[in-house]
Amino acid sequence: MARTITVGMDGSPESRAAAEWAAREAALRQVPVRLLHVWQPVPEPMAQAPLLGAETHQHWTERIPREAAEGLRLRHPGVEVTTEQRAGTPAEVLLEAARDVELLVLGSRALSGLAGFLVGSVGQSVVARAEVPVVLVRAGEQAADEHVKDAAGIPSAATGFRPVVLGLDTDSPDDTVITFAFEEARRRAAMLTVVTGWSLPPYYVYSLAAGVDPREDIIREQAATLTEVLRPWREKFPEVEVTEQSRLGSPANHLVDAAHEASLVVVGRRVRRNPFGVRIGAVAHAVMHHATTPVAVVAHD
């Protein structure tokens, strides 16, 4: 796998924010950034129009990655930035390009009037099928957003990073997802907050009927399970400070809440290779659409 971060560029504010995030991430990883613009050829009837021929359309679309790259080179002089333009269907081209990179970055836009973000059909298709981590960045994302406020309470890129948040299923923890989160926290010298949500077991109702409330015991058991899952990772990454949050309730809701104070949220997506299509998963889907910070969706078996 080539050590490259690829950004899907379409000229939108979301894709420009994604490119800026990718450049900052590239500086942390010391890898190059590739800005990829997918050019959809003009249909033949339109190509015959005098003001919008195929060559003219391609010329204008070539400006999107070129101008974005020029800006990134000025703002991030230590990062190598290249551009590429390919013709085809955006989702298919991005998925093909993702085969030889270590990270793919896309933009997501705010839903007007709603507390959420819209991951379009292209983004959802790519997230659901890519086998490399995909990071979704909202429009307007700034470097200062990833850092704690300074002494005056003002957002500043000169302060330390906010925590990285990992959503973890303790019933089926995956090494790939956990490693990604720990490495991102280590790169940022940031705290890693590990969040898990759980439901009361069916026997809880019967215990209550028998006059016994096992809630406190269940809470301790769940917390102990999370601690045990993370034990080898704490030993492998001793420089990463870890906090654990084992909470009763929806994992997605807890992750969205934690995202408000995070620099990055990491969630997993199980790869399902079957003839009935692909899916993202309820928790990852909810976090993608409602977290207010960049979200990394990491595929795993």
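Bear in mind that the values here come from a model prediction, so they are computed numbers and not experimental data.

Brief notes about the packing of helix α4 (residues 90-97) against helix α5 (residues 121-129)
Here is step 1 of the chain: Axis separation between α4 and α5 bottoms out at 9 Å; the angle between their running directions is 35 degrees. As α4 runs across α5, the sense of the crossing is right-handed. Contact residues: Pro90, Ala91, Glu92, Leu94 and Leu95 in α4; Val122, Ser125, Val126 and Arg129 in α5.
Here is step 2 of the chain: Partitioning the contact of α4 with α5 into residue classes produces six nonpolar, one polar and two charged.

Observations regarding the packing of aromatic side chains
Here is step 1 of the chain: Considering all chains together, one arrives at two aromatic pairs under this definition.
Here is step 2 of the chain: By way of ring pairs, the aromatic residues Phe182, Trp233 and Phe237 are connected into one cluster.

Quick notes on the nonpolar core
Here is step 1 of the chain: The biggest cluster of nonpolar side chains holds 44 residues, and the ones touching the most others in it are Val7, Leu35, Val105, Leu166, Phe182, Leu192 and Val266.
Here is step 2 of the chain: The element that contributes the greatest number of residues to this core is helix α1 (residues 13-29), accounting for seven residues.
Here is step 3 of the chain: Those residues in contact with valine 7 that sit more than four places away from it in its chain are Ser15, Ala18, Ala19, Ala22, Val33, Arg34, Leu35, Leu36 and Val105.
Here is step 4 of the chain: Grouped together as the second largest cluster of nonpolar side chains are 33 residues, Leu36, Val38, Ala97 and Val126 included.

Let's talk about the pattern of salt bridges
Here is step 1 of the chain: Counted under the stated rule, the structure contains 18 salt bridges.
Here is step 2 of the chain: Between glutamate 25 and arginine 29 there is a salt bridge, and its shortest N-O distance comes to 2.7 Å. Of this pair, glutamate 25 and arginine 29 both sit in helix α1, four residues apart, which is roughly one turn of that helix.
Here is step 3 of the chain: A salt bridge links glutamate 244 to arginine 234; the shortest N-O distance between them is 2.9 Å. Taken as a pair, glutamate 244 in strand β9 (residues 242-248) and arginine 234 in helix α8 (residues 215-236) lie far apart in primary sequence, ten residues in all.
Here is step 4 of the chain: Judged by its relative accessible area of 33%, arginine 234 falls in the partly exposed class.

Notes on the environment of valine 295
Here is step 1 of the chain: Mapped onto the secondary structure, valine 295 falls in strand β11 (residues 295-300).
Here is step 2 of the chain: Residue class for valine 295 comes out buried when judged on its relative accessible area of 1%.
Here is step 3 of the chain: In this structure the C-alpha to C-alpha distance between valine 295 and valine 165, which are 130 residues apart in sequence, comes to 9.5 Å.
Here is step 4 of the chain: Residues within four places of valine 295 in sequence aside, it is in contact with Val134, Val135, Leu136, Leu264, Val265, Val267 and Val287.

Each value, and the rule that gives it
- Residues numbered from 1 in each chain as written.
- Predicted model: local features only at pLDDT ≥ 70, side-chain atom pairs only at ≥ 80, totals over all residues.
- Heavy atoms only, no water.
- Axes fitted to C-alpha atoms, helices over the stretch in contact; angles between N-to-C directions.
- Helix = DSSP H or I, 4+ residues; strand = E, 2+ residues; numbered from the N terminus.
- Left-handed = near helix turned anticlockwise from the far one by under 90°.
- Contact = heavy atoms within 4.5 Å.
- Nonpolar A, V, L, I, M, F, W, Y, C, P; charged D, E, K, R; others polar.
- Phe/Tyr/Trp six-rings, centres within 6.5 Å; stacked < 30°, edge-to-face > 60°.
- Core = buried A, V, L, I, M, F, W, Y, C linked by side-chain atoms within 4.5 Å.
- Buried < 20%, exposed > 50% of the residue type's maximum accessible area, 1.4 Å probe, protein only.
- Salt bridge = Lys/Arg side-chain N within 4 Å of Asp/Glu carboxyl O.

So far we have only geometry, and geometry alone does not tell us how the molecule works.
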